[in-house]
Amino acid sequence: MPNRKIRVAFIGIGNSASTTLQGLFYYSSGRGKDGLWHPVVGGYGVGDVEVVAALDIDSRKVGKDLSEAIFSEPNIVEKRFEIPKTGVVVEKGLLEDELNPYLASALKVVKQDKNSIVEYLKKHRVDVVVNTISSGLDKSSIAYAEASCEAGASFVNTTPTSVATNPDIVESFKKRRVVVVGDDLMSQLGGTALHRGLVYFLKSRGIKPVRSYQLDVGGGLETLNTMYEDLRDFKKQVKTSSIAEEVNEGWEVVSGTTDYVDFLGNNRVTYLQFNATGFMGSSIIININLRSNDGMNAGNIILDLIRAVAKAREDGLSGNVNEISNYGFKKTLERKRIHEATMVFESKYCR
Ligand SMILES: NC(=O)c1ccc[n+]([C@@H]2O[C@H](COP(=O)([O-])OP(=O)(O)OC[C@H]3O[C@@H](n4cnc5c(N)ncnc54)[C@H](O)[C@@H]3O)[C@@H](O)[C@H]2O)c1
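About the criteria used
Residues numbered from 1 in each chain as written. Predicted model: local features only at pLDDT ≥ 70, side-chain atom pairs only at ≥ 80, totals over all residues. Heavy atoms only, no water. Helix = DSSP H or I, 4+ residues; strand = E, 2+ residues; numbered from the N terminus. Buried < 20%, exposed > 50% of the residue type's maximum accessible area, 1.4 Å probe, protein only. Near = heavy atom within 4 Å. Polar contact = N/O pair within 3.5 Å; in protein donor to acceptor, adjacent residues only side chain to side chain. Areas by Shrake-Rupley, 256 points an atom, 1.4 Å probe, with all protein chains shown as cover. Nonpolar A, V, L, I, M, F, W, Y, C, P; charged D, E, K, R; others polar. Domains from an automatic or database assignment. Pairing = 2+ DSSP bridges. Axes fitted to C-alpha atoms, helices over the stretch in contact; angles between N-to-C directions. Core = buried A, V, L, I, M, F, W, Y, C linked by side-chain atoms within 4.5 Å. Contact = heavy atoms within 4.5 Å. Left-handed = near helix turned anticlockwise from the far one by under 90°. Buried area = accessible area lost by both parts, 1.4 Å probe. Salt bridge = Lys/Arg side-chain N within 4 Å of Asp/Glu carboxyl O.

**A look at unusual backbone geometry**
Following glutamate 73, the chain continues into proline 74 via a peptide bond in cis, with omega recorded as 5°. Here proline 74 lies in the loop between α2 (66-69) and β3 (91-92). Cis peptide bonds are those with omega within 30 degrees of zero, and the linkage from glycine 182 to aspartate 183 qualifies with 5°. Position of aspartate 183 among the secondary structure elements: in the loop between β6 (179-181) and α7 (191-204). For arginine 125, which is not glycine, the phi torsion reads 45° and is therefore positive. Classification of arginine 125 as exposed rests on a relative accessible area of 55%. For arginine 177, which is not glycine, the phi torsion reads 60° and is therefore positive. Mapping arginine 177 onto the fold places it in the loop between α6 (167-176) and β6.

**Re the site of the ligand**
Neighbouring the ligand are 32 residues, the closest being Ser16, Asp56, Lys61, Leu94 and Tyr144. Serine 187 places a polar side-chain atom, nitrogen or oxygen, 3.0 Å from a nitrogen atom of the ligand. Aspartate 294 is positioned with one of its backbone polar atoms (N or O) 2.9 Å from a nitrogen atom of the ligand. Protein contacts shield 97% of the accessible area of the ligand, which totals 850 Å² for the unbound molecule. Along the lines of polarity and charge, the residues of the shell around the ligand split into 13 nonpolar, eleven polar and eight charged. Composition of the shell around the ligand by domain shows at least three residues from each of domain 1 (6-186 + 296-349) and domain 2 (191-293).

**Examining the sheet that holds strand β10 (residues 283-293)**
The strand order β8-β7-β9-β10 describes an open sheet built from four strands, whose pairing is mixed. The open sheet has two edge strands with one neighbour each: β8 (252-260) and β10. Strand-to-strand, the axes of this sheet are offset by a mean angle of 10°, without reference to chain direction. Alignment of strand β7 (residues 208-218) against strand β9 (residues 267-277), held across ten bridges, turns out to be antiparallel.

**Quick word on the nonpolar core**
Core analysis: the biggest nonpolar cluster contains 44 residues, and Phe10, Leu66 and Ile324 have the highest contact counts within it. By residue number, the principal contributor to this core is helix α10 (residues 294-314), which donates ten residues. The next biggest cluster of nonpolar side chains, apart from the first, holds 36 residues, and it includes Leu107, Ile169, Val170 and Leu221.

**Observations regarding the sheet that holds strand β11 (residues 319-320)**
Read across the open sheet, the seven strands follow the order β3-β2-β1-β4-β5-β6-β11; overall the sheet is parallel. Single-partner strands in this sheet number two, and they are β3 and β11. Contacts between helix α5 (residues 138-150) and the sheet are confined to β1 (6-11), β2 (49-56), β4 (128-131) and β5 (154-157), with β5 contributing the most and set at about 160° to the helix.

**Remarks on the packing of helix α1 (residues 15-28) against α10**
In contact at an axis separation of 8 Å, α1 and α10 are set at 60° when each is read in the N-to-C sense. By crossing handedness, the relation of α1 to α10 is classed as right-handed. Of the residues in α10, those in contact with Asn15, Ser16, Thr19, Thr20 and Leu24 of α1 are Gly295, Met296, Ala298, Gly299, Ile302 and Leu303. Across the contact of α1 with α10, the residue classes break down as five nonpolar, six polar and no charged.

**Focus on the domain arrangement of the protein chain**
Taken domain by domain, the protein chain holds domain 1 (6-186 + 296-349) and domain 2 (191-293). Just the C-alpha atoms count here: the centres of domain 1 and domain 2 sit 25 Å apart. Counting residues at the interface gives 27 residues for domain 1, matched by 28 residues for domain 2. Across the interface of domain 1 and domain 2, roughly 2400 Å² is buried in total on both sides, 59% from carbon and sulfur atoms. Contact with domain 2 buries area across many residues of domain 1, yet Tyr102, Lys330 and Arg337 alone supply 24% of it, more than any other trio. If you look at where domain 1 meets domain 2, you find zero salt bridges. Run the count over domain 1 and domain 2 and you get ten residue pairs in polar contact (both at pLDDT 80 or more). Those elements giving two or more residues to the side of domain 1 that touches domain 2 turn out to be α3 (101-106), α10 and α12 (338-349). In terms of residue class, the side of domain 1 that touches domain 2 is built from twelve nonpolar, eight polar and seven charged.

Okay, structure coming up:
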């Protein structure tokens, strides 16, 4: 095992960052092992991940120790247990976009400029930046990627903004000899992963998918944010084309967030319907109702990505590393089916 820790900065201390950090503490303090998908990635255990820096633009989180900020409003994640003080105080992030009305009404904004962020990342000698800010803030996510690159840190982009799929940004990470992966995290078992997995299974049984749809209902700030029509359409496009990677032509698919239901909290209910044909063209219909938790669904993947990115950089890789992006994200440079992407990732990083 490498004898050093991976120094990580989280940007956007929302629900997925909160759950991931709770998981990091849970697994590295030996409280349990259940549910940890890949105990070792790139030679690193979960306990080798050290969060040294954190940024947000909400005044209810800025200035607080991370252990307190992860449970501050408007986060609505389940608090599994008290986390001891981390000594990491959340600092002000940058904001280069105009907020849509949903985000504007939910956030109490404080911010600082990009140069200060570069200095902040350098000062904390950050190896990997994890960008978990609200979706739709394209200029801000790009500014964070640039700041991270300038500071010599690799970048994990969980948002749907084109960062690791933007050739100019990828080139600048290559030049700086750091890694960038993305875009738009694929949850461990969310609607997209289940949808893609089922298409693979049907085809492996000789069944032909004809059309399918996936409709999501959720609570939490990110779902509220997705009620903004332009963002909803964009996310629908990303999800739909991610699923389309599993099939060939002649199959219709629709996928997207349909509505916000406050009392669902950080949970998501996904309705899937498949129409397929079997023997002599006989009709097969499958209906599935999946209830999952957004934050919990992000934890394993984010912890895997941090460790894989650190390993890739140690191995001299830079720019977008397809084997990592294909495993962890919905919008990628390369087209790979979900089972192949997972197999390649595991054979490379989880041995
Ligand atoms: N399973 C998942 O959780 C999942 C899956 C796919 C994609 N994602 C992506 O991950 C991101 C985070 O999701 P979430 O559910 O944790 O969101 P969230 O709404 O719970 O949290 C977002 C956080 O980002 C902060 N923020 C907003 N703008 C910022 C800025 N400019 N600088 C710093 N902080 C900023 C907000 O204050 C908030 O704390 C989203 O972009 C989402 O699309 C998450």
